[in-house]
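Spelled out from the first residue to the last, the chains are:
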Protein chains: 4
Amino acid sequence: MIVIMKPSATMSQVSAVIGLIEEKGYRVHLSEGEERTIVGIIGSGAPINKDPIQLLPGVDRVVPVGKPFKLASREFHPDDTHFPIGNVMIGGHGLAIMAGPCSVESRSQIIETAYAVKEAGAHILRGGAFKPRSSPYSFQGMGEEGLRYMKEASELTGLPIITEVMEPALVPLVCEYADILQIGARNMQNYALLHAVGRSQHPVLLKRGMSSLMEEWLMCAEYILSHGNTRVMLCERGIRTFEKYTRNTFDINAIPVAKHLSHLPVIADPSHATGKWEYVGAAARAAVAAGADGLIIEVHPEPEKAMSDGAQSLKPEKFAALVLEMKAIAQAVGRDIEVSNKVLA
Amino acid sequence: MIVIMKPSATMSQVSAVIGLIEEKGYRVHLSEGEERTIVGIIGSGAPINKDPIQLLPGVDRVVPVGKPFKLASREFHPDDTHFPIGNVMIGGHGLAIMAGPCSVESRSQIIETAYAVKEAGAHILRGGAFKPRSSPYSFQGMGEEGLRYMKEASELTGLPIITEVMEPALVPLVCEYADILQIGARNMQNYALLHAVGRSQHPVLLKRGMSSLMEEWLMCAEYILSHGNTRVMLCERGIRTFEKYTRNTFDINAIPVAKHLSHLPVIADPSHATGKWEYVGAAARAAVAAGADGLIIEVHPEPEKAMSDGAQSLKPEKFAALVLEMKAIAQAVGRDIEVSNKVLA
Amino acid sequence: MIVIMKPSATMSQVSAVIGLIEEKGYRVHLSEGEERTIVGIIGSGAPINKDPIQLLPGVDRVVPVGKPFKLASREFHPDDTHFPIGNVMIGGHGLAIMAGPCSVESRSQIIETAYAVKEAGAHILRGGAFKPRSSPYSFQGMGEEGLRYMKEASELTGLPIITEVMEPALVPLVCEYADILQIGARNMQNYALLHAVGRSQHPVLLKRGMSSLMEEWLMCAEYILSHGNTRVMLCERGIRTFEKYTRNTFDINAIPVAKHLSHLPVIADPSHATGKWEYVGAAARAAVAAGADGLIIEVHPEPEKAMSDGAQSLKPEKFAALVLEMKAIAQAVGRDIEVSNKVLA
Amino acid sequence: MIVIMKPSATMSQVSAVIGLIEEKGYRVHLSEGEERTIVGIIGSGAPINKDPIQLLPGVDRVVPVGKPFKLASREFHPDDTHFPIGNVMIGGHGLAIMAGPCSVESRSQIIETAYAVKEAGAHILRGGAFKPRSSPYSFQGMGEEGLRYMKEASELTGLPIITEVMEPALVPLVCEYADILQIGARNMQNYALLHAVGRSQHPVLLKRGMSSLMEEWLMCAEYILSHGNTRVMLCERGIRTFEKYTRNTFDINAIPVAKHLSHLPVIADPSHATGKWEYVGAAARAAVAAGADGLIIEVHPEPEKAMSDGAQSLKPEKFAALVLEMKAIAQAVGRDIEVSNKVLA
């Protein structure tokens with residue numbers, strides 16, 4: 001950290017800053033300019049808290065130098081993280097395609113959709129059994145019954161499952177059914193939940209919060225990683241801005257930035273990032289071109305009858321066409337999406 | 001709800017919309033303009049899901065008409081909600097002043113601060129025992145030990161306690177010690193937690209999420225109210241915007257708007273809303289002038305030694321002066337802050 | 001427009017609304033629901049001002065139905081607009097690539113860069129002679145001298161020129177030199193300037209303002225189009241959000257949305273949208289995949305010596321590689337970027 | 001400025017940074033930590049451009065130390081700026097109240113309103129003759145005819161006039177009629193206009209742009225001040241955020257922050273900051289409590305007939321009541337609003 005003193009700072013104010021830093025077991029390095037003095041903090045112990053220094057008289061600003069996350073950082077772990085889920089290698093050469101309905105609504109709906117998305121080329125089945133809803137009066141998901149249907153769909157199709165877990169107490173239950181635990185945007189900073197999924201050692205997809213800075217997002221990954229759970233994916237799903245024509249603003253920059261700052265795989269969610277099915281295709285194609293390691297896309301056999309997120313769900317046939325478009329772009333950027341010959345036919 | 005058809009919509013598309021609405025048990029009212037047809041939905045059953053309608057061919061937009069929250073709404077409950085906590089009536093003529101450190105750091109620190117804020121005119125003691133921190137490596141709070149010290153400080157000074165609860169499993173424990181449960185901004189949409197504090201029947205202060213719309217905030221209050229827990233306060237603590245000179249942007253408009261839309265008391269948190277102690281006074285005075293029913297302010301005997309939020313904490317003497325300034329403004333807007341004669345002396 | 005009355009509105013309040021509407025020469029259509037009355041406004045005259053109606057007692061909300069822009073709208077003009085600039089058809093099958101330095105800094109710099117970007121496959125030369133700078137003390141551009149050097153570079157290479165014009169009085173001068181007038185983000189709502197470039201009948205590239213809604217952007221295009229100047233391009237260059245890791249947030253959704261709402265060609269500016277050269281490539285590839293009709297990219301022979309925007313400028317060799325990457329993606333989405341055989345070699 | 005090298009930076013990379021800095025005529029100060037080297041830049045010449053340094057290999061970040069604005073800064077000019085307009089001292093002990101319609105609509109409207117706002121306690125008459133409108137099809141203002149009517153209203157009532165000027169070419173005309181030139185939010189960074197009003201030596205009210213950072217706003221003031229025109233007021237009028245319930249988000253923090261960073265008077269515009277007349281009073285009271293030096297408020301005799309901004313305009317009698325409320329708060333914070341005895345009666 002660096003402490004920038006005010007031009008008007010006195011020598012005794014500089015001394016007080018030095019005293020406080022040394023008291024914490026650090027050393028200082030002084031740089032006395034013509035206009036102001038700058039105090040560098042040297043030492044490799046625990047990061048020093050900047051607030052107390054900021055408050056000393058004569059201090060203009062305190063500037064952090066290092067990154068606050070470590071396990072999630074590419075500096076610490078230069079190589080890309082990759083790990084298999086079912087038949088797909090997350091973070092590998094091929095992109096992982098996750099698809100399915102927003103909510104599990106019935107046994108037949110999820111089984112039918114599972115077959116349809118598999119046919120279209122998806123590698124992983126998504127579906128919500130516990131749903132975070134803005135209103136207490138809206139459909140809250142089928143709960144464990146929904147998980148059972150997903151499991152059945154998984155067994156029938158061979159697709160692994162990703163589903164959201166919303167509270168620490170339910171982590172063990174959801175782990176019984178799911179291959180990947182999803183942390184929703186609203187819960188990105190639900191630290192008790194992050195600890196719980198970290199301890200579970202289950203693969204986790206961590207959605208970025210609606211107004212989360214890159215650094216905050218990576219700090220939340222750090223919470224999970226700090227339990228030795230290394231199978232963590234980051235998921236950009238759009239941020240909240242002044243623009244309301246789309247449900248969220250897809251922060252496409254976040255994809256290369258997250259991959260630059262971190263070694264973790266980055267998944268894009270074009271469904272939430274746009275909120276309107278008409279734009280899901282363009283956003284999905286863009287995500288592949290920007291370097292995403294996978295996509296999670298809402299697909300529903302009858303969007304107009306969906307109990308949630310119908311407006312942003314693709315019909316299976318549109319999704320099938322999109323997979324081929326994404327594959328062409330993946331190849332154009334030196335990657336691929338592995339699909340069966342049947343899909344290509 | 002109102003369905004606005006596209007100018008190009010055909011009669012059979014309009015019929016399909018009508019069919020879907022009637023199928024759900026509603027009636028329709030048609031308005032055929034020169035350019036387009038508008039379909040009104042009539043009926044008082046469960047609110048109809050707009051997504052499926054939005055997806056029908058020929059539909060331009062679906063416009064909600066009513067408000068999605070009910071128990072929290074002033075339409076439903078025209079009179080201001082008020083309830084006593086200790087000696088202060090929350091939502092009454094007098095404003096409630098809550099003050100104390102960000103974190104409980106030691107027995108002596110919280111007891112000393114409790115006496116100091118009481119001396120200065122505070123009615124309620126704030127302090128964090130379980131702390132939501134961006135980094136897993138930062139101080140996470142003293143936990144139950146901190147609650148015990150707060151309780152002791154409360155018994156010594158007679159000030160009721162407000163403290164944050166971060167996970168459903170800890171609600172019973174925190175209820176043993178605290179007079180008011182605080183839901184932090186990061187947890188505003190932690191629905192499991194909202195249900196848990198709702199069921200507890202304990203008074204709750206619900207902070208607005210960093211990027212929460214007014215309606216979403218009130219929907220979260222609705223989650224708590226739906227358990228019959230009517231002692232809910234809303235707390236505006238700043239929102240996240242492009243401006244970074246201050247930690248957050250204090251949405252002062254939110255105070256009159258929340259009071260307009262809802263009957264619940266509205267508390268302002270000028271400490272988080274600015275993030276810098278230099279601006280806490282101006283923000284606090286503004287909140288009183290805008291109609292807040294109370295304030296929650298960070299006070300620390302030695303901010304430069306605080307383990308968290310030192311930069312936004314006031315020293316007790318500055319806080320004492322601020323209470324008198326706020327009292328003068330409260331009186332100027334026809335309200336008051338009740339303080340002992342000692343404070344006035 | 002639709003007027004939604006409050007549930008508590010009286011019959012005489014409804015009558016007052018009807019009276020005001022009819023007074024303006026419109027007709028009304030009443031829809032009396034169980035909870036509230038809704039008044040539709042019928043007529044095809046000038047759009048009615050909603051503010052006065054909003055203010056009448058008993059009115060809850062006024063909801064606009066149509067779009068406020070017409071000439072820019074795809075409803076009015078279903079086919080894509082396309083027009084030639086030099087050898088490239090803007091809005092056609094092939095994408096237009098515009099490249100060059102942020103500022104013209106010297107005769108040799110712009111001529112050298114012009115040759116380099118042409119070699120790399122660019123169709124149009126960009127460069128700033130009049131620069132909008134945050135500080136009055138920064139380099140403000142070379143002015144007319146810069147335009148002369150650009151013209152010379154254009155004549156030597158055959159590349160048409162795009163350059164920014166910042167004030168109405170300079171439109172005639174800039175038209176003498178430039179093939180396309182650029183309106184910068186800060187000037188998007190500089191209406192005098194929009195009128196001036198509209199009247200000039202010169203092709204215009206209209207950058208989206210930093211915090212401009214889709215509708216506002218299209219209304220600004222409408223200002224230009226209303227002068228009969230139909231050669232208008234929209235340019236998405238990133239919006240301002242809470243995220244500060246990148247200079248701006250590239251609103252990739254804006255590309256398909258603008259193309260959905262409007263027939264005008266959409267150009268992407270990945271340089272400003274990211275602000276860091278490391279991310280320009282990913283953003284450029286994403287823009288092509290999302291359907292952009294062209295790109296404008298900052299290229300500088302020696303970014304570390306650039307007088308402005310060095311941090312987001314590509315070196316010519318990186319730009320050359322990027323053109324080929326973009327071409328591959330363009331082909332993957334059924335379009336192309338036409339470049340000479342020399343580039344492909 | 002300070003250059004933070006990457007932990008991995010080599011000695012020759014550090015040397016290259018030093019070389020570039022010294023080449024520009026600055027000196028350096030090296031601070032070699034255990035993890036990384038930090039290079040301080042010493043010298044008091046023209047500010048050095050950080051982009052080229054940022055681009056050198058091994059550089060992590062460049063951190064500016066000083067402020068980019070000088071004439072507007074309180075460091076440079078510690079005392080509050082104050083100057084008289086008519087009978088009121090802007091930036092003095094008493095607050096300046098500016099009021100009037102959004103647009104001048106007719107001779108009688110502006111004269112009637114001028115008398116009404118004077119009666120209610122206003123010191124300055126506002127009114128728009130040239131109007132920036134989102135749509136080219138909306139009423140664009142009465143132009144010079146409107147200025148003439150304002151002048152007449154001014155002569156009849158003795159109130160000085162503030163009105164917006166939108167383009168450089170019209171500055172001389174508007175100066176003939178107006179006592180204060182207003183720069184609107186959309187034109188905050190219209191640099192040609194800033195230069196023109198700077199040169200005019202006329203008093204200027206500079207509205208903050210919708211998404212303007214504090215620093216950018218002050219840099220725009222610097223443009224005006226750099227012409228020796230010292231009579232500049234800053235005006236906070238709300239910023240654009242994700243919240244849409246109100247037209248803008250009133251950044252109340254901006255008032256104490258602007259007064260901290262700058263010596264210029266700060267005016268608040270609660271009308272645009274809320275966009276709904278119901279909330280104008282609360283916002284106005286808050287602004288006074290936060291330390292504003294004045295307010296500019298939209299008042300219209302018949303808001304429901306206003307040609308623009310009716311929804312946010314107060315009727316004269318509500319405005320009159322608000323002036324007394326603001327006066328009470330001004331007195332509570334040690335200031336005042338001077339009004340005639342007639343107003344107090």
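Residues numbered from 1 in each chain as written. Chains lettered and ligands numbered in written order. Predicted model: local features only at pLDDT ≥ 70, side-chain atom pairs only at ≥ 80, totals over all residues. Heavy atoms only, no water.

Caption draft 1: The arrangement of the interface of chain C and chain A in detail. Counting residues at the interface gives 37 residues for chain C, matched by 37 residues for chain A. Around 2800 Å² of area is buried between chain C and chain A when both sides are counted, 71% of it from carbon and sulfur atoms. Sorting the residues of chain C by area buried against chain A places Phe242(C), Asn253(C) and Tyr279(C) first, and these three jointly supply 22% of that buried surface. Applying the counting rule to chain C against chain A returns two salt bridges. (Contact = heavy atoms within 4.5 Å. Buried area = accessible area lost by both parts, 1.4 Å probe. Salt bridge = Lys/Arg side-chain N within 4 Å of Asp/Glu carboxyl O.)

Caption draft 2: Region of the structure containing the packing of aromatic side chains. Summed over the entire model, instances satisfying the criterion amount to eight aromatic pairs over all chains. Between Tyr245(D) and Tyr279(D), the aromatic rings sit 6.4 Å apart at their centres with planes inclined by 55°, giving tilted as the arrangement. Within this pair, whereas Tyr245(D) is found in the loop between β12 (232-236) and α8 (254-261), its partner Tyr279(D) is found in helix α10 (residues 277-290), the two being separated by 34 residues in sequence. Residue classification places Tyr245(D) among the partly exposed positions, given a relative accessible area of 26%. Here the guanidinium or amino end of Lys276(B) rests over the ring plane of Tyr245(B), the centre of that ring lying 3.9 Å away. (Phe/Tyr/Trp six-rings, centres within 6.5 Å; stacked < 30°, edge-to-face > 60°. Helix = DSSP H or I, 4+ residues; strand = E, 2+ residues; numbered from the N terminus. Buried < 20%, exposed > 50% of the residue type's maximum accessible area, 1.4 Å probe, protein only. Lys NZ or Arg CZ within 6 Å of the ring centre and 35° of its normal.)

Caption draft 3: Spatial organisation of the sheet that holds strand β4 (residues 59-63) of chain B. All names here are of chain B. Strand order in the open sheet formed by four strands is β2-β3-β1-β4, with antiparallel pairing between adjacent strands. The open sheet has two edge strands with one neighbour each: β2 (27-32) and β4. Strand-to-strand twist of the sheet, defined as the mean angle between neighbouring strand axes without regard to direction, takes the value 20°. Of the pairings in the sheet, the one linking strand β1 (residues 2-5) to strand β3 (residues 37-42) comprises three bridges and is antiparallel in character. Bridging across to β3, isoleucine 2 finds its partner in glycine 40. (Pairing = 2+ DSSP bridges. Axes fitted to C-alpha atoms, helices over the stretch in contact; angles between N-to-C directions.)

Caption draft 4: Structural detail: the relation of the copies chain D and chain C. You can overlay chain D on chain C at an RMSD of 0.0 Å; the transform is a turn of 180° with a shift of 0.0 Å along its axis. This pairing of chains is accounted for by a two-fold axis. It is Ser211(D) whose C-alpha, among those of chain D, lies nearest the rotation axis, at 3.1 Å. Take the interface residues of chain D: 98% of them recur as interface residues in chain C, which is what a same-surface contact looks like. (Least-squares fit on C-alpha atoms with pLDDT ≥ 70 in both.)

Caption draft 5: Inspection of the interface of chain D and chain C at higher detail. Facing the 43 residues of chain D at the interface are 42 residues of chain C. Interface area, chain D with chain C, both sides summed: about 3500 Å², of which 55% is carbon and sulfur. Arg240(C) serves as the salt-bridge partner of Glu216(D), at 2.6 Å between the closest nitrogen and oxygen. On the surface where chain D and chain C come into contact, there are 20 residue pairs in polar contact (both at pLDDT 80 or more). Secondary structure elements with two or more residues in the side of chain D that touches chain C: α2 (50-54), α6 (191-200) and α7 (214-225) of chain D. (Polar contact = N/O pair within 3.5 Å; in protein donor to acceptor, adjacent residues only side chain to side chain.)

Caption draft 6: View of the side chain of Ser308(C). Within the secondary structure, Ser308(C) is located in the loop between β14 (294-298) and α11 (316-332). When its relative accessible area of 5% is taken as the criterion, Ser308(C) is described as buried. One polar contact links Ser308(C) to Ser103(C), side chain to side chain, over a distance of 2.7 Å. For Ser308(C), the residues in contact, after removing those within four places along its chain, are Cys102(C), Ser103(C), Glu105(C), Lys131(C), Arg133(C) and Asn49(D).

Caption draft 7: Molecular detail of the packing of helix α10 (residues 277-290) of chain B against helix α11 (residues 316-332) of chain B. All names here are of chain B. Axis separation between α10 and α11 bottoms out at 9 Å; the angle between their running directions is 25°. As far as their axial angle goes, α11 and α10 are roughly parallel. Relative to α11, the crossing made by α10 is right-handed. Of α11, the residues touching α10 (which contributes Trp277, Gly281, Ala284, Arg285, Val288 and Ala289) are Lys318, Leu322, Glu325, Met326, Ile329 and Ala330. Tallied by class, the residues present in the contact of α10 with α11 amount to eight nonpolar, one polar and three charged. (Parallel < 35°, antiparallel > 145°, perpendicular 65-115°, else oblique. Left-handed = near helix turned anticlockwise from the far one by under 90°. Nonpolar A, V, L, I, M, F, W, Y, C, P; charged D, E, K, R; others polar.)

Caption draft 8: Region of interest: the sheet that holds strand β12 (residues 232-236) of chain C. All names here are of chain C. Spatially, eight strands are ordered β7-β8-β9-β10-β11-β12-β13-β14 in a closed barrel, and the strand pairing comes out parallel. The mean inter-strand angle of the sheet, taken between neighbouring strand axes irrespective of direction, is 25°. Direction of pairing for strand β8 (residues 124-126) relative to strand β9 (residues 161-164): parallel, over a ladder of two bridges. Bridged to leucine 125 within β9 is isoleucine 161. Of the strands in this sheet, β13 (266-268) and β14 are in contact with helix α10 (residues 277-290), which crosses β14 at around 170°. The sheet contacts of α11 involve β7 (96-100) and β14, and relative to β14 the element is tilted by about 165°.

Caption draft 9: The arrangement of the domain arrangement of chain A in detail. Considered domain by domain, chain A is made up of domain 1 (2-63) and domain 2 (83-332). Using C-alpha coordinates to define each centre, domain 1 of chain A is positioned 45 Å away from domain 2 of chain A. (Domains from an automatic or database assignment.)

Caption draft 10: The arrangement of helix α11 (residues 316-332) of chain A in detail. Residue and element names in this part refer to chain A. For α11, which comprises 17 residues, the first-to-last C-alpha distance of 24 Å matches the rise-based estimate of 24 Å (1.5 Å per residue) to within 8%. Among the residues of α11, Pro316, Phe319, Leu322, Val323, Met326, Lys327, Ile329 and Ala330 are the ones counted as buried. All buried residues of α11 lie within an arc of 165° about the axis, which places them on one face of the element. Glycine 334 occupies a position one or two residues after α11 and carries a positive phi of about 85°. (Expected span 1.5 Å × (residues − 1). Arc of directions from axis to C-beta.)

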